[in-house]
Amino acid sequence: MPTRRPVVDLKLTPGTMLGRRYRVEAHLGRGAEGEVYHVVEAATGIPRAAKLTPADRRNQRTAARIANKLEHLRECPIVLQYHHAEHVTIRRQRVVVLFSELCPGEPLQRFVDGHRGKRLPPYVALQVFYRLVVGLEEVHDAGEYHSDVHTENIIVQPRGVGFRMKLIDFYDWGKATRPKQQQDILQAVRVFHDMLGGRPHYAKLPGWAKYFLAGLNNTRLLKRFPTMAALRRDLEMFDWDM
Ligand SMILES: Nc1ncnc2c1ncn2[C@@H]1O[C@H](COP(=O)(O)OP(=O)(O)OP(=O)(O)O)[C@@H](O)[C@H]1O
Ligand SMILES: [Mg+2]
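Source: prediction; values computed, not measured.

### A closer look at the site of ligand 1
- The environment of ligand 1 is formed by 19 residues, the closest being G31, K51, C103, E152 and D169.
- Between an oxygen atom of ligand 1 and a main-chain N or O atom of G31, the distance comes to 2.9 Å.
- Within the side chain of N153, a nitrogen or oxygen atom sits 3.0 Å from an oxygen atom of ligand 1.
- Here ligand 1, which alone exposes 620 Å², has 81% of that area covered by the protein.
- Within the residue set of the shell around ligand 1, elements represented by two or more residues are strand 2 (22-30) and strand 4 (47-54).
- Looking at the shell around ligand 1, the element that brings in the most residues is strand 2, giving three residues.
- A breakdown of the residues in the shell around ligand 1 according to their chemical character gives 10 nonpolar, four polar and five charged.
- The residues that make up the shell around ligand 1 include at least three from each of domain 1 (17-100) and domain 2 (106-237).

This is the structure we're talking about:
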């Protein structure tokens, strides 16, 4: 029988101190076990993101592994920049807090939902997809993977002709393997599909978009794009008239 995991449900209000150095500004999100806040360093006013989970042994190990993974990937521009970890007691609950950069922009899902029909024009979706693929290729080149690529774990900020993007919420399922990296390829394609309005709009998409979606058939996709680098190269070379 699965054991119930402890969760934090703190609902911290703006102004609350998180340990001695950080003050809560706003709630950003909540997941299965934890909460994420926009905080500021009280002494400097510098904004950060703080991810809180109950400080049990399993979470402490997970936090350490994720922190090390982020540290290893610190030179990949798409990866959230990790700062440090702290143990804090709030209302008698021990929590482990991972502090990282506060990513400017908004979750990709919210950006997509803000558009007419809750979908992006194909060329705009293509730009986001390309940035994502370039970023993930660098993660793979560093010998890592993400494994939970979806529209809530990508923060986008439109800038000039393109987008600034950050990947958040890395997880650690052990060593990077080819199948784990291929999972990222399939998930990135799924993000492209979701930005375009999903299944109801598939039939009307231009041929080039369908080429990259391959009907979301995993076997066809991995045959066409066996690596993130292969996908990136095709994105740089494809023929608009296909
Ligand atoms: N560094 C950050 N900067 C800006 N917003 C963030 C940041 N980290 C998280 N968020 C926001 O908080 C939400 C939840 O964060 P995150 O994806 O890290 O955790 P989660 O999905 O709740 O966690 P888990 O999947 O581990 O239970 C995100 O979708 C995003 O909107
Ligand atoms: Mg998430």
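### A look at the coordination of the magnesium ion (ligand 2)
- Looking at the magnesium ion (ligand 2), the protein donor atoms are N153 (OD1) and D169 (OD), and they sit 2.2 Å from it. Linking N153 in the loop between helix 3 (122-141) and strand 8 (154-159) with D169 in the loop between strand 9 (162-167) and helix 4 (178-195), this pair joins segments that are 16 residues apart in sequence.

### So, the packing of aromatic side chains
- All told, the structure shown has 13 aromatic pairs when counted by the stated rule.
- With a centroid separation of 6.4 Å and an interplanar angle of 75°, the aromatic rings of F129 and F212 are classed as edge-to-face. Residue F129 is found in helix 3, and its partner F212 is found in helix 5 (residues 207-213); the two are separated by 83 residues along the sequence. Grouping residues by exposure puts F129 and F212 together as buried.
- Plain terms: the ring middles of F212 and F225 are 5.7 Å apart, the flat faces sit at 10° to each other, and that makes the pair stacked. Taken together, the positions of F212 in helix 5 and F225 in the loop between helix 6 (218-224) and helix 7 (228-237) put the pair 13 residues apart, joining distant regions of the chain. Here F212 and F225 have matching classes, each one buried.
- Joined through ring pairs, the aromatic side chains of Y123, F129, F192, W208, Y211, F212, F225, F238 and W240 make up one cluster.
- Looking at K69, its charged tip hangs above the ring of Y145, at a distance of 3.5 Å from the centre.

The rules behind each value
- Residues numbered from 1 in each chain as written.
- Chains lettered and ligands numbered in written order.
- Predicted model: local features only at pLDDT ≥ 70, side-chain atom pairs only at ≥ 80, totals over all residues.
- Heavy atoms only, no water.
- Near = heavy atom within 4 Å.
- Polar contact = N/O pair within 3.5 Å; in protein donor to acceptor, adjacent residues only side chain to side chain.
- Areas by Shrake-Rupley, 256 points an atom, 1.4 Å probe, with all protein chains shown as cover.
- Helix = DSSP H or I, 4+ residues; strand = E, 2+ residues; numbered from the N terminus.
- Nonpolar A, V, L, I, M, F, W, Y, C, P; charged D, E, K, R; others polar.
- Domains from an automatic or database assignment.
- Donors = N, O, S within 2.8 Å, 3.2 Å for Na, K, Ca; no water.
- Phe/Tyr/Trp six-rings, centres within 6.5 Å; stacked < 30°, edge-to-face > 60°.
- Buried < 20%, exposed > 50% of the residue type's maximum accessible area, 1.4 Å probe, protein only.
- Lys NZ or Arg CZ within 6 Å of the ring centre and 35° of its normal.

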